[in-house]
Amino acid sequence: MSSEVDPQTPFWGAPEPITIREAISITAPLPASVQTGRPHVAMSFEHAIRTCLQLKYLQFNGRASRSEYWWFFLFSFLVLQVAAVLDAAVGVFIFYFATVLLLALPTLSACVRRLHDLDRSGWWILIVLIPFIGSLILLIWTVSEGNPFPNQYGTIPTNTSD
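Rules behind the numbers
- Residues numbered from 1 in each chain as written.
- Predicted model: local features only at pLDDT ≥ 70, side-chain atom pairs only at ≥ 80, totals over all residues.
- Heavy atoms only, no water.
- Axes fitted to C-alpha atoms, helices over the stretch in contact; angles between N-to-C directions.
- Helix = DSSP H or I, 4+ residues; strand = E, 2+ residues; numbered from the N terminus.
- Parallel < 35°, antiparallel > 145°, perpendicular 65-115°, else oblique.
- Contact = heavy atoms within 4.5 Å.
- Nonpolar A, V, L, I, M, F, W, Y, C, P; charged D, E, K, R; others polar.
- Salt bridge = Lys/Arg side-chain N within 4 Å of Asp/Glu carboxyl O.
- Buried < 20%, exposed > 50% of the residue type's maximum accessible area, 1.4 Å probe, protein only.
- Phe/Tyr/Trp six-rings, centres within 6.5 Å; stacked < 30°, edge-to-face > 60°.
- Lys NZ or Arg CZ within 6 Å of the ring centre and 35° of its normal.

(A) Structural detail: the packing of helix α2 (residues 45–55) against helix α3 (residues 66–90). In contact at an axis separation of 8 Å, α2 and α3 are set at 85 degrees when each is read in the N-to-C sense. If you check the angle between α2 and α3, you find them roughly perpendicular. Along the contact surface, α2 presents F45, A48, I49, T51, C52 and L53, while α3 presents S67, E68, W71, F72, L74 and F75. Class assignment of the residues belonging to the contact of α2 with α3 gives a composition of 9 nonpolar, 2 polar and 1 charged.

Here's what the structure looks like:
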């Protein structure tokens, strides 16, 4: 009883896998007006800073793309480093403290919007209260690709000026 097995076909004879978009288009076609997929362009460094500090400073609703979140994270890190150097030069712990106060809320809101892009509640940010593991899980989530479809938190981030 020898039979030839095609190396491209799983041994149990399962059908070829399909993408989520193909599965949805087969079962319930989406109207052309519904945007799917991920942003076609990454947000620039300057645009991410302007979005997080000016346009969405305290906006906890909506979604943030990976580029928006990580560019703003880099900006916050660099500004905090400069503030720490200034504090060391002056000998007073004022610049770093003021910078933390200034950047805490926009950083928190960007992280919550990033979690929304993954179709998770913003309350999941509290997972960082679990020592080490919580921060690692949040890091994995923030580097993950977001939901490619509109979800309960809004449409797909476009990375363009609104």
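(B) Broad picture of the pattern of salt bridges. Tallied over the full model, the rule gives 3 salt bridges. Linking D117 and R63 is a salt bridge whose minimum nitrogen-to-oxygen distance equals 2.8 Å. Residue D117 is located in helix α4 (residues 95–117), and its partner R63 is located in the loop between α2 and α3; the two are separated by 54 residues in the primary sequence. With respect to class, D117 is no different from R63; both count as buried. A salt bridge links R113 to E68; the nearest nitrogen and oxygen atoms lie 2.6 Å apart. Of this pair, R113 sits in helix α4 while E68 sits in helix α3, placing them 45 residues apart in sequence. Summarising the burial analysis for this pair, R113 and E68 share the class buried. When salt bridges with common partners are traced through the structure, they connect R63, R114 and D117 into a single cluster.

(C) Just the packing of aromatic side chains, in detail. Within the structure shown, the criterion is met by 8 aromatic pairs. On the numbers, 5.9 Å between centres and 35 degrees between planes, the contact of F72 with F75 is tilted. Of the two residues, F72 and F75 both sit in helix α3, 3 residues apart, roughly one turn of that helix. There is no split in this pair, since F72 and F75 are both buried. Following the ring pairs from residue to residue traces out a cluster consisting of F45, W71, F72 and F75. Here the basic side chain of R120 rests over the ring of W141, its NZ or CZ set 4.0 Å away from the ring centre.

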